[in-house]
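Here is how the chains run, residue by residue.
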Amino acid sequence: MKRSFKDADFDRLAAFWNACSPEKYWIDGEQLRLNTVDSPVFDWGASCIEEADGEILGFVSIKKSARSLYPGPDKDVAHLSCIAYCEAQYGLDLLTEVKSILHNRGCSKLQFGQDSRHFFPGCPTDYPALHNFLMVEGFSEGGECVDLERNLLDYKNPAPIPDGDEFRALTENDIPALSDFFDREFPYRWKYDTMTKVSIEGPSCVFALFHGDRIDGFALVQDFTNKAPIGGAVWHVSMASTWGALGAIGVAKDLRGKGSGNALLGSALEYLRDRGVEQCIIDWTGLVDFYGKHGFVPTRKYTSMSLQLDP
Ligand SMILES: CC(C)(COP(=O)(O)OP(=O)(O)OC[C@H]1O[C@@H](n2cnc3c(N)ncnc32)[C@H](O)[C@@H]1OP(=O)(O)O)[C@@H](O)C(=O)NCCC(=O)NCCS
């Protein structure tokens, strides 16, 4: 019997997910709640839980396009945020129903992951059961990206600080400058995600490059005290209890290539280290050399996967 996510027991659903998934992708009930029903683009009509006699047999979470949150995304692209099932047949049934609902709504594409408040930037390459399932369902493969990690216990910033650059965490007074920076440089998803995160965790979750009062670069920094982990921090269950995360990170276009990004990264990592972070994750990136110079190594690799829905 299919039921909606209304009043779902997220701890039970997370335990079910963990029983089906490699340990690197384990989650807790609160993370599942945050990334499903707590998201403004959670698709209540297409997501469901399959149960029989009170036993969970599978569940699927679909997200709508983030077009209602910020400009850019295609309104006709939906996202398969996650799917878990005890037997493949339940997974196939769940997805058949999802495809039919989305098709009837005129959606053109179903993207695996990459949703607003995502778990997955793509299908993990070390999760063959999920990869095979998506291939059988007709998904096509695209580019690859990685998450990287290192322990910050003995981290020291190797990057010189360019003249005039100042680095520090934000305070309440810096919020208007942050908003101006995003409008100038990253007005879409990074603005939305970071400003939402600031509203939940407070301004010190942003570490920035300042020139006087002006912000010219930012890094989102998360640690084990956060209420609503996002990005790579969704995998905190499989990390040390003193986990942390960095990213997104970006500097103003006209400053790039002059050492400020490197110094921003190094200063932000020292800030996380001083807050007690040990295992730190940087997610959804192709810049392996940029982060590698700070000792980060890839720990997860993902392949972008999407399904064209028939017109
Ligand atoms: C990535 C970014 C923050 C780097 O900042 P920056 O000020 O340009 O970088 P730096 O000048 O300090 O360069 C640091 C090193 O990283 C390398 N690097 C910088 N950007 C790179 C890129 N996009 N690809 C590969 N290497 C890069 C530089 O060549 C340099 O190497 P070197 O020390 O051997 O010369 C900046 O380019 C940016 O904001 N890009 C757009 C947003 C983005 O892509 N963020 C990362 C998402 S994961």
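Note that the coordinates shown come from a computational prediction; the quantities given were computed from them, not determined experimentally.

### What to know about the site of the ligand
- Neighbouring the ligand are 16 residues, the closest being V251, G259, G261, N262 and K293.
- Between the ligand and the protein, one listed contact pairs an oxygen atom with a side-chain N or O atom of R256 at 3.3 Å.
- Between the ligand and K293, the relevant distance is 2.5 Å, taken from an oxygen atom to a side-chain nitrogen or oxygen of the residue.
- Its free accessible area being 880 Å², the ligand has 63% of it covered by the protein chains.
- Looking at the shell around the ligand, the elements that each hand over two or more residues are β11 (244-251), α7 (260-274) and α8 (288-292).

### Digging into the domain arrangement of the protein chain
- Examined at the domain level, the protein chain breaks down into domain 1 (2-138) and domain 2 (149-300).
- Of the roughly 1800 Å² buried between domain 1 and domain 2, counting both surfaces, carbon and sulfur atoms make up 62%.
- Our count for the contact surface shared by domain 1 and domain 2 stands at 0 salt bridges.
- Our count for the contact surface shared by domain 1 and domain 2 stands at 7 residue pairs in polar contact (both at pLDDT 80 or more).
- Among the elements that line the side of domain 1 that touches domain 2, the one with the most residues is helix α2 (residues 29-35), at 3 residues.
- Residues of the side of domain 1 that touches domain 2, tallied by class, amount to 12 nonpolar, 5 polar and 5 charged.

### Observations concerning empty space enclosed by the protein
- All chains considered together, the criterion is met by 1 cavity of 30 Å³ or more.
- Each residue belonging to the lining of the largest cavity can be placed in one class, and the counts come to 7 nonpolar, 1 polar and no charged.

### Quick notes on the packing of helix α5 (residues 175-185) against helix α6 (residues 189-201)
- Contact pair α5 / α6: the axes reach a minimum separation of 10 Å and the direction vectors enclose 165°. Compared by their axis directions, α5 and α6 come out roughly antiparallel. Helix-helix and strand crossings are classified by hand; for α5 and α6 the assignment is right-handed. Taken together, the residues of α6 that come into contact with α5 (itself represented by I175, L178, S179, F182 and D183) are W190, K191, T194, M195 and V198.
- When its residues are assigned to classes, the contact of α5 with α6 shows 6 nonpolar, 2 polar and 2 charged.

### Considering unusual backbone geometry
- The peptide bond linking G247 to A248 adopts the cis configuration, its omega dihedral lying at 10°.
- Structurally, A248 is set in strand β11.
- The backbone phi angle of D53 is positive, close to 50°, even though this residue is not glycine.
- Residue position: D53 is located in the loop between β2 (48-52) and β3 (55-63).
- In this structure, Q114 takes a positive phi of about 65° despite not being glycine.
- Here Q114 shows up in the loop between β5 (109-112) and β6 (123-124).

### Notes on the pairing of strand β10 (residues 214-223)
- Most of β10 sits inside the fold, with 9 of its 10 residues counted as buried.
- Sheet analysis places strand β9 (residues 206-211) next to β10, joined by 6 bridges and oriented antiparallel. If you follow L209 over to β10, its bridge partner there is G217.
- Between β9 and the antiparallel strand that follows it, β10, lie 2 residues; G212 among them carries a positive phi value of about 65°.
- Two elements, β10 and β11, share 6 bridges in a ladder whose sense is antiparallel. By the bridge assignment, Q222 is partnered in β11 with A245.

### A short note on the environment of A19
- Tracing the sequence through the fold places A19 in helix α1 (residues 10-20).
- Sequence separation of A19 and Y85 is 66 residues, and the distance between their C-alpha atoms is 9.6 Å.

Rules used in this analysis
- Residues numbered from 1 in each chain as written.
- Predicted model: local features only at pLDDT ≥ 70, side-chain atom pairs only at ≥ 80, totals over all residues.
- Heavy atoms only, no water.
- Near = heavy atom within 4 Å.
- Polar contact = N/O pair within 3.5 Å; in protein donor to acceptor, adjacent residues only side chain to side chain.
- Areas by Shrake-Rupley, 256 points an atom, 1.4 Å probe, with all protein chains shown as cover.
- Helix = DSSP H or I, 4+ residues; strand = E, 2+ residues; numbered from the N terminus.
- Domains from an automatic or database assignment.
- Buried area = accessible area lost by both parts, 1.4 Å probe.
- Salt bridge = Lys/Arg side-chain N within 4 Å of Asp/Glu carboxyl O.
- Nonpolar A, V, L, I, M, F, W, Y, C, P; charged D, E, K, R; others polar.
- 1 Å grid on protein atoms, 1.4 Å probe; cavity = no way out; pocket = protein on both sides within 12 Å on 5 of 7 lines; lining within 4 Å.
- Points joined across faces, edges and corners; volume = space filled by probe spheres on them.
- Axes fitted to C-alpha atoms, helices over the stretch in contact; angles between N-to-C directions.
- Parallel < 35°, antiparallel > 145°, perpendicular 65-115°, else oblique.
- Left-handed = near helix turned anticlockwise from the far one by under 90°.
- Contact = heavy atoms within 4.5 Å.
- Buried < 20%, exposed > 50% of the residue type's maximum accessible area, 1.4 Å probe, protein only.
- Pairing = 2+ DSSP bridges.

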